[in-house]
Every structure is written in structure tokens, then in C-alpha cells.
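Residues per chain are reported as follows:
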Amino acid sequence: MSSLVFLPAALCWWALKNNNNNNNARFLAADAPHSGHWLLALPVTSCGLRLTDEAVRVAVALRLGCSVCVAHTCRCGVLVDAQGNHGSVCKQAPSKIDRHQAVNDVIARAITAAGIPVTKEPVDLTILGIKRPDGLTLIPWQGGKPLSWDVTVVSTLADSYLHVHSTSHCADSAAETASNRKETKYFSLPPDYIFQPVAIETLGPPTHQL
Ligand SMILES: [Zn+2]
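Residues numbered from 1 in each chain as written. Predicted model: local features only at pLDDT ≥ 70, side-chain atom pairs only at ≥ 80, totals over all residues.

Undergrad: It is not clear to me how the nonpolar core should be interpreted in this structure. Could you clarify?
TA: Among the nonpolar cores identified, the biggest contains 21 residues, and A29, V154, A175 and A199 are the most heavily contacted of them. Counting only elements with at least two residues in this core, the list comes to α2 (21-31), β5 (147-154), α6 (159-164), α7 (173-185) and β6 (194-201). Among the elements that make up this core, the one with the highest residue count is α2 (five residues). A175 has contacts with V154, A199, I200, E201, P205, P206 and T207, leaving out every residue within four places of it along the chain. (Core = buried A, V, L, I, M, F, W, Y, C linked by C-beta atoms within 7 Å. Buried ≥ 20, exposed ≤ 12 C-beta atoms within 10 Å, placed from the backbone. Helix = DSSP H or I, 4+ residues; strand = E, 2+ residues; numbered from the N terminus. Contact = placed C-beta atoms within 7 Å.)

Shown next, in the form of C-alpha cells:
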């Protein structure tokens, strides 16, 4: 694991050597604030923080643009190349739901550990006619209002973000776009609640709003 501290330097070299949108986006994401903090996490199994060797292999390969798998056809019919980027955008990938729930669990655990009780996917807010957010504090968070949040994880290298929202030119632009989309979605949330979007890119950068 200690050799991973050289990852940003390796990415810099790789991006300069192979200058294209994908590699630019990888380098910018790796260089963005907080995106490398996963390397500093203590590998505590009970907190879900211990990565398997295979998870580390995939995480590093995705960031370096190395081969992750053998090219094959996905269950959705799309041809997956050796870099395996399709895995983070495939709508039929079971990992998409697991990834979302894992991030939501970490947030709920962190707030609970601070002594603030929470509920995940609060039913009461569904009754108000809006889509249900991922979590809600059961006591006031700020200004007498409880906090609700909604998580989204978006792929730094998805074509839509790479070419339309320019992750190849601006780090965290995908996270910012996703965060704004959540704000719009929950615009009708009653003023009795504080809403916090939690948008994170697959290669690390979180939205500035966190
Ligand atoms: Zn697929």
C-alpha cells in the first residue's frame, strides 16, 4: 500500500505521455482536493474500510488507465474494453446499487457516531410528494431544522461527463453537475428541512458543497 503514495506522480507522467481526454480527466481527478484520501483510510474491517487486494488492483488500474479486465460483452450488450470503464456506468451492474448504499451507510454511521440519530430513506418525506432522500437526522442539525441528504456517485470517465461537462478540463465538474441536479430535484423540499446533496465521482473528487 505504501507504494501508492507515488500514484499522483505516476498519473502525471501518464497524462503527459498519453495526452487525451480520458487521461487528462484521470490526472485532474487524482489531483483534486480529497480525491486521494482513500489512501489514508485505516484498514479497519469492522468499519468496512479494509480493501481487498483485488479492490486495490482495480482502483489503481482505473486511475492509471491500465487494463482491468479482458475485453468482453457486458450483459447489457455493450462491448467492454480492457480499461473496464463501462463497469461504472452500466445500468445493469449490481455494483451500482452496492456502491450507493455503501456511501450512504458511511454517511449515516458518521453522523450517528457524532451523537445525532438518523433514519435512512425516510418514509415521511415521501408522503410530502417528493422523491425520498437517502437520509434524515431525527433531531435538528442547524437553525432548528433537521438535515436530509441524498447520495449520487457519478463516473468521471462517462462520455456524458467527459465531453459535455468537461471532466477532462476541470476536476470535479461531474460531481458539481450531479450535485446541482440533486438540488433541482429536491427544490420542493419544505423549508423545515436542510438539504445536502452528496455527489462523488468514481475517481474521487466530491462536490464542493461537502
Ligand atoms: Zn453493461
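This is not the end of the story, as more comes after the structure.
Undergrad: Explanation requested: helix α3 (residues 53-64) in the structure shown.
TA: Two residues of an α-helix separated by three or four positions point the same way, owing to the 3.6 residues in each turn. The end-to-end C-alpha distance of α3 is 16 Å, a good match for the 16 Å that 12 residues give at a rise of 1.5 Å each. Positive backbone phi, approximately 75°, marks G65, located one or two places after α3. (Expected span 1.5 Å × (residues − 1).)

Undergrad: Explain the pairing of β5 here, please?
TA: A regular strand places its side chains on the two faces of the sheet in alternate fashion. Here strand β4 (residues 135-137) runs beside β5; their pairing, made up of two bridges, is antiparallel. Within β5, the position partnered with L136 by the bridge is S148. The pairing of β5 with β6 spans eight bridges and is classified as parallel. Along β6, the bridge assignment pairs S148 with F195. (Pairing = 2+ DSSP bridges.)

Undergrad: Just to check I follow, could you spell out unusual backbone geometry for this structure?
TA: Negative phi is the rule for most residues except glycine; trans is the rule for most peptide bonds. Even without glycine at this site, H34 takes up a positive phi of about 75°. Inspection of the secondary structure assignment puts H34 in the loop between α2 and α3. Overall, H34 belongs to the exposed group, with 12 C-beta atoms counted inside 10 Å. The backbone of E121 shows a phi angle near 50°, a positive value even though the residue is not glycine.

Undergrad: Can you walk me through the sheet that holds β4 in this structure?
TA: Sheets are built from strands that pair by backbone hydrogen bonding, the pairs being arranged parallel or antiparallel. On the basis of which strands lie adjacent, the open sheet formed by four strands has the order β3-β4-β5-β6 and mixed pairing. Edge positions in the sheet fall to β3 (118-120) and β6, since each of these pairs with one other strand and no more. Adjacent strand axes in the sheet meet at a mean angle of 20° when their direction is disregarded. Both β3 and β4 contribute to a ladder of three bridges, which runs antiparallel. When the sheet's bridge partners are listed, V118 is paired in β4 with T137. Against the sheet, helix α4 (residues 95-113) makes contact with β3, β4, β5 and β6, and its axis sits at roughly 145° relative to β5, the strand it touches most. (Axes fitted to C-alpha atoms, helices over the stretch in contact; angles between N-to-C directions.)

Undergrad: Before we go on, may I ask you to explain the environment of K185 in this structure?
TA: Secondary-structure assignment places K185 in helix α7. Judged by the 16 C-beta atoms lying within 10 Å of it, K185 falls in the partly exposed class.

Undergrad: What am I meant to see in α4 here?
TA: An ideal rise of 1.5 Å per residue puts 27 Å on 19 residues; α4 measures up with 26 Å between its terminal C-alpha atoms. In the stretch just after α4, G115 is the one whose phi turns positive, near 90°.

The analysis is restricted to geometry; functional conclusions fall outside its scope.
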